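# Fold and geometry: a report
Letter by letter, the chains look like this.
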Amino acid sequence: FIRFIKLSIYEDSFILWYLYYLPELFSPLIFLYVCKATAPQKRKPSKSNIVLFLITAAFLVLVLTNNIHNFVFVFKGSDVSEWHRNYDYGAGYFAVTAWMSFLIVYGFILLFKRAKSAKSSKIIMVPLIALAILALYIIGYCLGMEIARESELCFIASSFILILWELCLNTG
């Protein structure tokens, strides 16, 4: 829905495009929180959870303020109606992507450590294959591969995370 509005309202829809990164950034964080919650721990939120939240929030602020610094997206040309097609990624984009990847990989490391007690270690390969496919997709997207760039990154990444959760739940 946000993508539809973002592409329908050209001049003032930057903020809608940037808000697209709210679920993009916080889905991996929630995933990691769920993975951490699978271990016996205290009920009190850990300091590491607070730090992870603050870093993720800082990355969201970086994206939301991109019009000030162009650190995440660098816009080319002055034709405002083509802004969604006429941009490059800045260093901030790759930092945001690296952070999201870190959260996802860290979450899966926690899950796989706990899965060692599974009946068969071969069963862990199913979620690992799905994770590898997601990683290849994101790399292809960042490198500008047409098949990946024409897709909806947020939808595909979030869907893969849900599929990976389900695979992890089903494989132990």
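The coordinates are above.
Scanning the entire structure with this criterion turns up 1 cavity of 30 Å³ or more. Residue lining of the largest cavity: 16 residues in total, with Glu24, Met100, Ile138, Leu153 and Ala157 positioned closest to the centre. Elements that contribute at least two residues to the lining of the largest cavity include exactly α3 (21–37), α6 (91–114), α7 (125–142) and α9 (153–171). Taken together, the residues of the lining of the largest cavity break down into 11 nonpolar, 4 polar and 1 charged.

Inspection of every chain in the model, using the stated rule, returns 20 aromatic pairs. Seen in terms of ring centroids, Tyr18 and Phe73 are 6.2 Å apart; in terms of plane orientation they differ by 5 degrees. Their pairing is stacked. Linking Tyr18 in helix α2 (residues 14–19) with Phe73 in strand β1 (residues 73–75), this pair joins segments that are 55 residues apart in sequence. Side by side, Tyr18 and Phe73 carry an identical accessibility label, which is buried. Note on Tyr21 and Phe73: the rings are 5.8 Å apart at their centroids and 55 degrees apart in plane angle, and the pair reads as tilted.

Cut-off values and rules
- Residues numbered from 1 in each chain as written.
- Predicted model: local features only at pLDDT ≥ 70, side-chain atom pairs only at ≥ 80, totals over all residues.
- Heavy atoms only, no water.
- 1 Å grid on protein atoms, 1.4 Å probe; cavity = no way out; pocket = protein on both sides within 12 Å on 5 of 7 lines; lining within 4 Å.
- Points joined across faces, edges and corners; volume = space filled by probe spheres on them.
- Helix = DSSP H or I, 4+ residues; strand = E, 2+ residues; numbered from the N terminus.
- Nonpolar A, V, L, I, M, F, W, Y, C, P; charged D, E, K, R; others polar.
- Phe/Tyr/Trp six-rings, centres within 6.5 Å; stacked < 30°, edge-to-face > 60°.
- Buried < 20%, exposed > 50% of the residue type's maximum accessible area, 1.4 Å probe, protein only.

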